[in-house]
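# Chains, contacts and geometry: an overview
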Amino acid sequence: MKAYDYLVVGAGLFGAVFAHEAALRGKTIQVIEKRDHIAGNIYTHEVDGIQVHQYGAHIFHTSGA
Ligand SMILES: Cc1cc2nc3c(=O)[nH]c(=O)nc-3n(C[C@H](O)[C@H](O)[C@H](O)COP(=O)(O)OP(=O)(O)OC[C@H]3O[C@@H](n4cnc5c(N)ncnc54)[C@H](O)[C@@H]3O)c2cc1C
């Protein structure tokens, strides 16, 4: 069995960002996700060209940097 530096349970915002940042630092990560998509509760799917938030509306206030 292959060994990983981290096992991340859940590919939501936290798990996905953590896995990305760890990979950038040379770590190996196994991500497991029970849903059939990534992004957790911020997941969107496209309907008639519009991104619909499947689990409820989200607005993210970021620095944009
Ligand atoms: C209706 C709603 C509106 C919101 N609006 C905003 C907003 O406007 N702005 C904002 O900043 N935040 C908002 N939030 C909060 C935001 O959704 C969360 O802070 C963020 O998505 C949490 O990310 P997370 O990765 O911690 O968890 P989640 O998004 O819950 O991801 C966890 C993932 O882990 C998976 N998982 C769980 N258990 C297991 C298991 N045993 N095995 C495998 N996989 C597993 C789940 O399927 C899921 O994909 C809102 C939340 C909701 C519900």
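A brief structural summary. All figures in this text were calculated on a predicted structure; none of them were measured in a lab.

### Quick word on the site of the ligand
Around the ligand sit 18 residues in total, of which Phe-14, Glu-33, Asn-41, His-58 and Ile-59 are the nearest. Measuring from an oxygen atom of the ligand, one finds a backbone N or O atom of Leu-13 at 3.0 Å. Taken by itself the ligand offers 1000 Å² of open surface, and the protein chains cover 57% of this. Taken together, the residues of the shell around the ligand break down into nine nonpolar, six polar and three charged.

### As for the pairing of strand β4 (residues 50-53)
With four bridges connecting them, strand β3 (residues 44-47) and β4 associate as antiparallel partners. Paired with Val-47 across the two strands is Ile-50, which belongs to β4. Between β3 and β4, which pair antiparallel one after the other, the connecting turn spans two residues, and Asp-48 there sits at a positive phi close to 50 degrees.

### Description of the side chain of His-37
Counting through the fold element by element, His-37 comes out in the loop between β2 (29-32) and β3. For His-37, a relative accessible area of 10% puts it in the buried group. Within the structure, His-37 has its side chain in polar contact with the side chain of Tyr-55 (distance 2.8 Å). Setting aside residues no more than four positions away along its own chain, His-37 makes contact with Tyr-43, Gln-54 and Tyr-55.

### Focus on a nonpolar patch on the surface
Together, Leu-7, Val-9 and Ile-32 make up a nonpolar patch on the protein surface, roughly 310 Å² of accessible area in all. Topologically, Leu-7 is positioned in strand β1 (residues 6-9). Note on Leu-7: relative accessible area 58%, which makes it exposed.

Definitions and limits used
Residues numbered from 1 in each chain as written. Predicted model: local features only at pLDDT ≥ 70, side-chain atom pairs only at ≥ 80, totals over all residues. Heavy atoms only, no water. Near = heavy atom within 4 Å. Polar contact = N/O pair within 3.5 Å; in protein donor to acceptor, adjacent residues only side chain to side chain. Areas by Shrake-Rupley, 256 points an atom, 1.4 Å probe, with all protein chains shown as cover. Nonpolar A, V, L, I, M, F, W, Y, C, P; charged D, E, K, R; others polar. Pairing = 2+ DSSP bridges. Helix = DSSP H or I, 4+ residues; strand = E, 2+ residues; numbered from the N terminus. Buried < 20%, exposed > 50% of the residue type's maximum accessible area, 1.4 Å probe, protein only. Contact = heavy atoms within 4.5 Å. Patch = residues over 30% accessible without salt bridge, like charges linked within 9 Å, V, L, I, M, F, W, Y side chains within 5 Å. Salt bridge = Lys/Arg side-chain N within 4 Å of Asp/Glu carboxyl O.

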